[in-house]
Amino acid sequence: MNGHDDAPAADRPTATVLRRALKRAADGVSLDVTEAAVLLQARGPDLTALTGIGETYREHAESLFALRAVAREHNGVQEVIVQNFRAKPGTAMRGTPHARLDELAATIAVARVVLGPSARIQAPPNLVGDEHAAMLRAGIDDWGGVSPLTPDHVNPGHPCPGIGELAHRTAGEGFTLRERLTAHPEFVRRGDPWIDPRVLPHVTAPADPETDLAREGVLPWQSGGASLTLCGRTNLNRTVDADAYTLSLSEVADRAEEAWNACATEVRVQVGIHPDLPGTVYFDIARAVKERVPDLHLHAFSPMEVANGAARAGLSTREWLTAAKEAGVDSIPGTAAEILDDEVRWILTRAKLPAAAWIEVVETAHEVGLRSSSTTMYGHVDRSDHWLHHLRVLAGVQRRTGGFTEFVTLPFIPTNAPVYLAGVARPGPTARENRVVTAMARLLLHGLVPHIRTSWVKLGTEGSAEMLCSGADDMGGTLMEETISRMAGSRHGSYRSVSGLEAIAKAAGRPARQRTTPYGPVPAERIAAARTSDGVLPEPDGAAPGKLLPLFPTSPSAPAAASAAGCPSACRGGPAVARPE
């Protein structure tokens, strides 16, 4: 049952063995090992009848009756492909004449009579010359896979006709050419056991719910017609470096308010791990932001910060997260995931959470009502099998909790990374690896995590546009200012205007629309603010265009000045957010 007529004769079941196996199975006779293997091969979702290899018309008919018996018994034959033999150099049957097209049409006609009107019968459109009409009149209702771009590897000298030409010839016989999935509609509807349950969501996603043929148009990540999303966001980070500085609670609230006035819908707060800050500092920051700008979504505190805060406050993870939610946190970033495989984490981030601890924090956050993003950082000491494992772990979490809003791909920036400078890590991912990780995420998380976000901070305009054509459907936020990637060595800027992000979407041939953090619609007032400011902050005295307010107050007694000297007691008495200059 193999249409690849250039396969070595020793590797290809002979027509006689195949017919005997089918007939004996239909008659209820036990099969020998060879026949059982042949029949097992034949019981896939489609069957191929190869004509022109020395068989007689009677053998054609007997084979078709045997196929019908198998189809009726097991109800598992989705199509019968009737293919004409073409001799090629270097094969065992290179001297055999080609099968005649009238013989092919006759076999198709007999197949239609024997197998009935509901059978799906297919003939290869690239092997019938100009006789497409004859094959349609004989009884086919399927042309199989048609690709004018890729060659038929079995018959490379016979390219497929163009879709438009084939549609025209099909219409000439009163039929409409429609795209279908690999699985025929009946088998899409039946699903398990004919389609593995793990694969079924990927099969049904592009299916038209009414016909189970291919959906008209395409999926969001496949077309320039589908809109991309972006989020108005500002980041507030801190560091534990000796030259760090802190902001008072009032200054934290000021910066959040600035971002809101410019158009932000989200503020991302990352406090970091500081030995002198109490575990409750995170709650104080959350309350300060929410009291000042109650409608601004607070996306704050990574799993590492959660674990640190809980330990310092003497609370369980659940108690700490519940308190954070009560203080105003709306969601948490799923950062510090890197690769959720301890083989990698031991080398890359041994000071951070083990994979199991990261998963525990995230799942607990989801359980108390705090959704999160999910991320990966790749291109360092990892391999492709680590990517697969990481995505499967995230898929498992999502099946259990449903709490991930998105998956974010973060290519490793090697420039200032100690693990790279020590010669342990490679210099970041290749362009191909960027595409592969994005595509893998789209496929493996499909039906679970609906949005894949690319990082313009790390990839720039051209790189991000390429990812938007590889499976990503989100560009992240305007940021207004970002320092983590810049400190790591990224050279793609630390903020983007709304129009700048729209330019990335345009480079990918896609329109863009603003979204909220959980991917909901944005209020008209926020959209209007974005159009007015373009996501760029005003320019107060001493600030560069588009940046937040000056980081160092003029008073040397202010917390920032104290922090510049090493973050002494000014940090200890109250909460602070610090970020590098």
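**Here's the deal with the overall build of the protein chain**
A tally of regular secondary structure across the protein chain gives 23 helices and 13 strands. In the protein chain, buried positions account for 53% of the 581 residues. Considering only residue pairs separated by 6 or more positions, the protein chain has 74% of its internal contacts joining residues 24 or more positions apart. Of the accessible surface of the protein chain, which amounts to about 25,800 Å², a share of 55% is contributed by carbon and sulfur atoms.

**Focus: unusual backbone geometry**
Cis geometry is adopted by the peptide bond preceding proline 193, which originates at aspartate 192 and carries an omega value of 10°. Positionally, proline 193 belongs in the loop between α7 (185–190) and α8 (200–204). Positive phi values are uncommon outside glycine, yet aspartate 212 reaches one of about 65°. Inspection of the secondary structure puts aspartate 212 in the loop between α8 and β4 (228–231). With a phi angle near 140°, cysteine 263 is a residue other than glycine that sits in the positive phi range.

**Observations regarding the packing of aromatic side chains**
The description of an aromatic ring pair rests on the distance of the ring centres and on the angle between the ring planes. With the rule as written, the count across this model stands at six aromatic pairs. Centre to centre, the rings of tyrosine 282 and phenylalanine 301 are 5.0 Å apart; their planes meet at 80°, and the pair counts as edge-to-face. Residue tyrosine 282 is located in helix α10 (residues 281–292), and its partner phenylalanine 301 is located in the loop between β7 (297–300) and α11 (303–313); the two are separated by 19 residues in the primary sequence. Across the pair, phenylalanine 301 and tyrosine 282 agree in class, each one buried. Centroid distance tyrosine 378 to tryptophan 387: 6.2 Å. Interplanar angle 75°. Geometry classified as edge-to-face. Under the relative-accessibility criterion, tryptophan 387 is labelled buried at 6%. Over the ring of phenylalanine 187 we find arginine 190; its NZ or CZ atom is 4.6 Å from the centre of that ring.

**Some remarks on the nonpolar core**
Grouped together as the largest cluster of nonpolar side chains are 44 residues, with contacts concentrated most on Leu340, Trp358, Phe404, Phe407 and Leu445. Among the elements of the structure, α13 (342–348), α14 (355–367), β9 (371–378), α15 (384–401), β10 (404–411), α17 (431–444), α18 (456–468) and α20 (498–507) are those that each provide at least two residues to this core. The next biggest cluster of nonpolar side chains, apart from the first, holds 33 residues, and it includes Val281, Ile285, Ala300 and Phe301.

**Observations concerning the packing of helix α3 (residues 57–74) against helix α4 (residues 101–115)**
In the contact formed by α3 and α4, the axes pass within 10 Å of each other and the chain directions differ by 35°. Crossing of α3 against α4: the hand is right-handed. Here Tyr57, His60, Leu64, Phe65 and Arg68 of α3 come into contact with α4, specifically with Glu103, Thr107, Val110, Ala111, Val114 and Leu115.

**Quick notes on the pairing of β9**
Buried residues dominate β9, accounting for seven of its eight residues. Summarising the sheet, strand β8 (residues 331–332) and β9 pair through two bridges and their orientation is parallel. Within β9, the position partnered with isoleucine 332 by the bridge is serine 372. For the crossover from β9 across α15 to β10, the handedness is right-handed.

**Structural notes on helix α9 (residues 249–262)**
Between its first and last C-alpha, α9 extends 20 Å over 14 residues, near the 20 Å set by a 1.5 Å rise per residue. For α9, the full list of buried residues reads Val252, Ala253, Arg255, Ala256, Glu258, Ala259, Trp260 and Ala262. Residue cysteine 263 follows α9 closely and has a positive phi angle near 140°.

**Remarks on α4**
With 15 residues, α4 ought to run about 21 Å at 1.5 Å a step, and its terminal C-alpha atoms sit 21 Å apart, in line with that. Following α4 by one or two positions, glycine 116 adopts a phi angle in the positive range, close to 95°.

**Structural notes on the side chain of histidine 380**
With respect to the helices, strands and loops of the structure, histidine 380 is situated in the loop between β9 and α15. Residue histidine 380 is classed as buried on the basis of its relative accessible area, which comes to 2%.

**Brief notes about the pairing of strand β2 (residues 79–84)**
Burial within β2 is extensive, with six of its six residues counted as buried. Burial of β2 is two-sided: the residues Glu79, Ile81 and Gln83 facing one way and the residues Val80, Val82 and Asn84 facing the other way are all buried. Taken together, the two bridges between β2 and strand β3 (residues 121–122) define a ladder with parallel strand orientation. Across the sheet, isoleucine 81 pairs through a bridge with glutamine 122, a residue of β3.

Calculation criteria
Residues numbered from 1 in each chain as written. Predicted model: local features only at pLDDT ≥ 70, side-chain atom pairs only at ≥ 80, totals over all residues. Heavy atoms only, no water. Helix = DSSP H or I, 4+ residues; strand = E, 2+ residues; numbered from the N terminus. Buried < 20%, exposed > 50% of the residue type's maximum accessible area, 1.4 Å probe, protein only. Contact = heavy atoms within 4.5 Å. Areas by Shrake-Rupley, 256 points an atom, 1.4 Å probe, with all protein chains shown as cover. Phe/Tyr/Trp six-rings, centres within 6.5 Å; stacked < 30°, edge-to-face > 60°. Lys NZ or Arg CZ within 6 Å of the ring centre and 35° of its normal. Core = buried A, V, L, I, M, F, W, Y, C linked by side-chain atoms within 4.5 Å. Axes fitted to C-alpha atoms, helices over the stretch in contact; angles between N-to-C directions. Left-handed = near helix turned anticlockwise from the far one by under 90°. Pairing = 2+ DSSP bridges. Right-handed = clockwise from strand over helix to strand, strands pointing away. Expected span 1.5 Å × (residues − 1).

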